[in-house]
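A structural walkthrough
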Amino acid sequence: MLVTGAVAALALAACSSGGGKQSTDQDAPAAAAADTPKMTVAFITHAAPGDTFWDLVRKGAEAAARKDNIDLQYQSDPDGANQANLVQSAIDKKVDGIAVTLAKPDAMKANVEKAAQAGVPVVALNGGIDAWKSMGVLGYFGQDERIAGEAAGERLKADGAKKALCVIQEQGHVGLEARCDGAKSAFSDMEKIYVTGTDMPSVQAAITSKLQQDPGIDHVLTLGAPFAMTAVKSVKDAGTSAKVVTFDTNKELVSAIKDGQVEWAVDQQPYLQGYLAVDSLWLYKTNGNMIGGGQATLTGPAFIDKSNVAAVEQFAGNGTR
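Just so you know, these numbers come straight off a predicted model, no measurement behind them. (Residues numbered from 1 in each chain as written. Predicted model: local features only at pLDDT ≥ 70, side-chain atom pairs only at ≥ 80, totals over all residues. Heavy atoms only, no water.)

Details of the state of the cysteines
Our working rule: Only a pair of cysteine sulfur atoms within 2.5 Å counts as a disulfide in this structure description. Strands here mean DSSP runs of E at least two residues long; helices mean DSSP runs of H or I at least four residues long; both are numbered from the N terminus. The cut-offs for exposure are 20% and 50% of the maximum accessible area for each residue type, with area from a 1.4 Å probe on protein chains only; residues under the lower value are buried, those over the upper are exposed, and the others partly exposed.
All chains considered together, the criterion is met by 1 disulfide. Here Cys166 connects covalently by a disulfide to Cys180, the sulfurs 1.8 Å from one another. Residues Cys166 and Cys180 are joined through a disulfide that is left-handed, its torsion about the S-S bond being -85 degrees. A residue pair is termed long-range when its members are at least 10 positions apart, and Cys166 in strand 6 (residues 164-168) and Cys180 in helix 6 (residues 174-186) qualify at 14 residues. Taking relative accessible area as the criterion, Cys166 reaches 0% and is therefore assigned buried.

Quick look at the structure:
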């Protein structure tokens, strides 16, 4: 009941330092800049190079930074220890605030706590919904990955799926594991496969091989838009009729839903995650506001499928959904 309510309520109201492609001032709607003093915010994620999901997060963060007169310093590293070092570097630079993802919370904990103890306000986004409160973090912006996974599992069941393959592109990422575990709790005949997300040809080969080995798999659940598009190729290579479903979107993925290559996507609104994380730090520094009342601010899950894809197509074309 909790899962159904969360999805229905949001149903359409709803990495090197570069991440994906570089953003430009034309990527998002313009807003007048605040006349508050210039702030510096470090925005530190676990993005892997070329992952288009993080382009959307970054665009949201940059839009909020322009509005709030913030110097945004974006950096990323998929390795937990390296990401933690980026947090330490931000502390040393005496930034005014830090926004950080906590996909590998054990690696991040000590330095995130150190930032809070040094008086640097920290907010979390996208990963670490079960860990942020214990680190002295002010707020969290993202979806509950377990609930999102349960919603995906329920959707698979409603679609009449018999057996599904859940493709995890980064081993040790707590959010990705929660998605698959949540899906399996609602749809029991679910098998995990681990792939190296930074090597897309090997991802394609691994999914193809699995589909050839087990013709009973009729749905492939990927955990990111680029991997869904690769899974479409794998299905063709394997000569099966398996359907592809996924978490997260980008422009190409939205087109694939429209064309019927991908059945649906679970949307967590990454642009909104980046925007709210930066804007929340500005609000805290300039007016003492704290968003969420001590609870996570949920940006998903919501389903995008053929029935509603037209409503987000324009925004996906703009590179913000």
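Things to note about the packing of aromatic side chains
Defined as follows: Working definition: rings of Phe, Tyr and Trp (its six-membered ring) pair if their centres are within 6.5 Å, and the pair is stacked with planes under 30 degrees apart, edge-to-face with planes over 60 apart, and tilted otherwise. For a lysine, the NZ atom is tested; for an arginine, the CZ atom; a charge sits over a ring if that atom is within 6 Å of the ring centre and within 35 degrees of the ring normal.
Within the structure shown, the criterion is met by 5 aromatic pairs. Between the aromatic rings of Trp264 and Phe303, the centroid separation amounts to 5.2 Å while the plane-to-plane angle is 90 degrees, which identifies the pairing as edge-to-face. One end of the pair, Trp264, is in strand 10 (residues 264-267); the other, Phe303, is in strand 12 (residues 302-305), with 39 residues separating them in the sequence. Residue classification places Trp264 among the buried residues on the basis of a relative accessible area of 1%. The ring of Trp282 carries Lys67 above its face, with NZ or CZ at 5.0 Å from the centroid. Lying across the ring of Phe303, Arg155 places its NZ or CZ 5.0 Å from the centre.

As for the nonpolar core
Note on soluble globular proteins: their nonpolar side chains tend to be buried together. Under the convention used in this document: Remark: nonpolar core denotes a set of buried residues (Ala, Val, Leu, Ile, Met, Phe, Trp, Tyr, Cys) joined through side-chain atoms within 4.5 Å. Note on contacts: a residue pair is in contact if any heavy atoms of the two residues lie within 4.5 Å.
Counting residues in hydrophobic clusters, the biggest one holds 29 residues, and the most contacted among them are Leu211, Leu253 and Val262. Elements represented by at least two residues in this core include exactly strand 6, helix 7 (200-213), helix 8 (225-238), helix 9 (251-259) and helix 11 (310-317). Of all the elements, helix 8 adds the most residues to this core, at 8 residues. Leaving out residues up to four positions away in the same chain, Val262 has contacts with Met229, Val232, Val244, Val245, Thr246, Leu253, Ala256 and Ile257.

A word on the sheet that holds strand 8 (residues 219-222)
Going by this rule: Whether two strands pair comes down to DSSP finding at least two bridges between them. Only C-alpha atoms enter the line fits that serve as axes; for helices the fit covers just the stretch in contact. Angles between N-to-C directions range over 0 to 180 degrees.
Within the open sheet, the 6 strands sit side by side as 7-6-8-9-10-12. Their pairing is mixed. The open sheet is flanked by strand 7 (190-194) and strand 12, the only strands paired with a single partner. Each strand axis lies, on average, 20 degrees off the axis of its neighbour in the sheet, ignoring direction. One ladder, built from 2 bridges, connects strand 9 (residues 243-247) with strand 10; its direction is parallel. Residue pairing for strand 10: Thr246 is matched across the bridge by Ala265.

As for the side chain of Thr208
Where we set the bar: Polar contacts, as used here, are pairs of N or O atoms within 3.5 Å; protein pairs need one atom able to donate a hydrogen and one able to accept it. Residues neighboring in sequence count only if both atoms are side-chain atoms.
Looking at where Thr208 falls in the secondary structure, it is placed in helix 7. At a separation of 2.8 Å, a polar atom in the side chain of Thr208 contacts the main-chain carbonyl oxygen of Gln204. Apart from residues lying up to four places away in sequence, Thr208 is in contact with Ser234, Asp237 and Ala238.

Here's the deal with unusual backbone geometry
Pro301 follows Gly300 through a cis peptide bond whose omega is 15 degrees. One non-glycine residue, Asn126, adopts positive backbone phi at about 70 degrees. In this structure, Asn126 sits in the loop between strand 4 (122-125) and strand 5 (140-142).

Thoughts on the packing of helix 2 (residues 53-67) against helix 10 (residues 270-287)
The angle between the axes and the distance between the axes are what describe a pair of packed helices. Heads up, the condition is: A crossing counts as left-handed when the near helix is turned anticlockwise from the far one by less than a right angle, and as right-handed when that turn is clockwise.
Remark: helix 2 packs on helix 10, axes separated minimally by 6 Å, with the N-to-C direction vectors making an angle of 30 degrees. Like other packed secondary-structure pairs, helix 2 and helix 10 cross with a definite hand, here right-handed. Counting all contacts with helix 2, which are made through Phe53, Leu56, Val57, Lys59, Gly60, Ala61, Ala63, Ala64, Ala65 and Lys67, the residues of helix 10 involved are Pro270, Tyr271, Gln273, Gly274, Tyr275, Val278, Asp279 and Trp282.

Quick notes on helix 9
This is how it is decided: Think of it as the arc spanned by the lines of direction from the helix axis to the C-beta atoms.
When helix 9 is considered as a whole, its buried residues turn out to be Leu253, Val254, Ala256 and Ile257. Down the axis of helix 9, the smallest arc covering the buried residues is 160 degrees, so these residues share one side. In helix 9, the exposed residues that point more than 90 degrees away from the buried face are Lys251 and Asp259. Turning to helix 9, the residues buried within the fold contact helix 8, strand 9, strand 10, strand 12 and helix 11. By the N-cap criterion, in which a side-chain oxygen at the helix start approaches the backbone nitrogen of a residue two or three places on, helix 9 is capped by Asn250, the distance to Glu252 being 3.2 Å.

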